[in-house]
Amino acid sequence: MAKLSQRVASIAPAGKTGWEVHFEAERRLSAGEDIIMCSIGDHDFHTPEETVEACVEALHQGHHHYTGLAGFEGLREAMARSSARSSGVATAPENIITTVGGQGALFTAVQTTLDPGEHAIVVGPYYATYPGCFRLSGNPYTVVYARPEDDFQPKREALEAALRPNTRALLMNSPNNPTGAVYSRQTMEDIASFCRDNDLWLISDEVYWTHAGYTASGKSNHISPLSLPGMEERTLIVNSVSKSHGMTGWRVGWLRAPKEIIDSLGAFSLVVTYGLSDFVSRAAAAALDHDWGLDEIAATYERRRKTMRKALDGLAGVTIHGSEGGMYVMLDVRAIDADGERFAFDLLDAEKVAVLPGESFGESAAGHIRISLCQPDDMLEEAARRIARFVDMRMTSLGGNKRAAS
Ligand SMILES: Cc1ncc(COP(=O)(O)O)c(C=O)c1O
């Protein structure tokens, strides 16, 4: 066989994937064991019926053709309105290019901001696909870890220490996967001034923006760095309808950027996607315009986060850091076991709950577990009971002593 390119071979180096606990749990589940899967981040419910109907109708109406290179205009308009709402910054369709999910926007943003060999800073713990985006483009990157002691808010001094003469971009994500941290105004201002002072692009992944501490008045606490002084010209926002509108499998996302960048990206779309599916684009536009599912989904995760926190907050042996938004709760288990993966396997054996070890998301989340909230409420309540029972049992065997396991 002819040789595979180094570029593709480098995306996922052989060895540990971080998904070992999840795959083992799946194996046990299909063998008939009663496992509660709190390991993945995909909704346990379907896309709202109105969105499905809008798609079927678009198909019947004959929307079967190519869209413009930057996407169907009606969708770009809907995305522009959504971006204006999430950031508070006026946004035109000319600031938007449609992408294959938020993932497509991440890939596009990395390709757009870095020349070969240029360096990027990635704030960790990070979403699992980030490193691969840089490996594929052949760009070096440094991970700057936010620490559990700071509630996973990144600090400017740590960013400074990672700077190189050829650093061109910083990639960050709030509300964060996996930590659930929602960056404070101070954190956002520090990141923004760091980017301005060092003339960096800021790639801001905001796919969880509706899950930022949803309140009864329907307001998200999300702050977009786009709204901070001098940031519009240097910020690229990654967004999608996957998490906000219950549309993970539809693969619709977008990049919000200065108009000149979007103009240049027509050529990028020409060779990568040639736009999105016509009828899917129309359904996504309608979903964005009507907010189908948005409030219910945001309220669902807010309720589930509260349930999980109520069951685990204050429990001897564990501490919750971050976990103010997104679709996850991050539990510090270092007082019981410094190895999050070993804890996760033990939890799976003893209580049949699958979670991901923090180690899967980088070193500062070691000794943590990420509990996904993507299960029906009653199942999550049961998962919380099982986790609490396991923690109690482990603390009892440690003699109630918060000593780290050797
Ligand atoms: C932080 C983060 N960014 C981007 C994505 C990609 O989302 P999409 O489904 O829109 O491609 C995900 C998906 O889980 C995510 O967690």
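If you're wondering where the values come from, they're calculated on a predicted model, not measured in any experiment.

1. Here's the deal with the pairing of strand 5 (residues 167-173)
Moving on, step 1. A large share of strand 5 lies buried, amounting to six of its seven residues.
Moving on, step 2. Where strand 3 (residues 119-124) and strand 5 come together, four bridges link them in parallel fashion. From the neighbouring strand, Ile121 faces strand 5, where its bridge partner is Leu170.

2. Focus on the site of the ligand
Moving on, step 1. The environment of the ligand is formed by 13 residues, the closest being Gly101, Gly102, Gln103, Ser240 and Ser242.
Moving on, step 2. No other element matches helix 5 (residues 101-113), which puts three residues into the shell around the ligand.

3. Observations concerning the sheet that holds strand 5
Moving on, step 1. Taken in spatial order, the seven strands of this open sheet run 2-8-7-6-5-3-4, and their pairing is mixed. At either margin of the open sheet sits one strand with a lone partner, and together these are strand 2 (96-100) and strand 4 (141-145). The sheet shows a mean angle of 20° between the axes of neighbouring strands, taken without regard to direction.
Moving on, step 2. With five bridges joining them, strand 2 and strand 8 (residues 252-256) adopt antiparallel strand pairing. Bridging from a neighbouring strand, Ile96 pairs with Arg256 of strand 8.
Moving on, step 3. Strands in contact with helix 5 are strand 2, strand 5, strand 6 (201-205), strand 7 (235-240) and strand 8; relative to strand 7, the strand with the most contacts, it is inclined by about 160°.

4. Digging into the confidence of the model for the protein chain
Moving on, step 1. Mean pLDDT over the protein chain: 94, with 97% of residues reaching 70 or higher.
Moving on, step 2. Note on residues 401-406: pLDDT is under 50 here. Beyond four places in sequence and across chains, it has nine contacts.

5. Things to note about the sheet that holds strand 12 (residues 356-357)
Moving on, step 1. Read from one edge to the other, the open sheet built from four strands follows the order 9-10-13-12, with strand pairing classed as antiparallel. Both outer strands of the open sheet, strand 9 (319-321) and strand 12, are each paired with one neighbouring strand and no more.
Moving on, step 2. Taken together, the five bridges between strand 10 (residues 328-332) and strand 13 (residues 368-372) define a ladder with antiparallel strand orientation. Its bridge partner lying in strand 13, Tyr328 is registered against Ser372.

Rules of the game
- Residues numbered from 1 in each chain as written.
- Predicted model: local features only at pLDDT ≥ 70, side-chain atom pairs only at ≥ 80, totals over all residues.
- Buried ≥ 20, exposed ≤ 12 C-beta atoms within 10 Å, placed from the backbone.
- Helix = DSSP H or I, 4+ residues; strand = E, 2+ residues; numbered from the N terminus.
- Pairing = 2+ DSSP bridges.
- Near = placed C-beta within 6 Å.
- Axes fitted to C-alpha atoms, helices over the stretch in contact; angles between N-to-C directions.
- Contact = placed C-beta atoms within 7 Å.
- pLDDT = per-residue confidence, 0-100.

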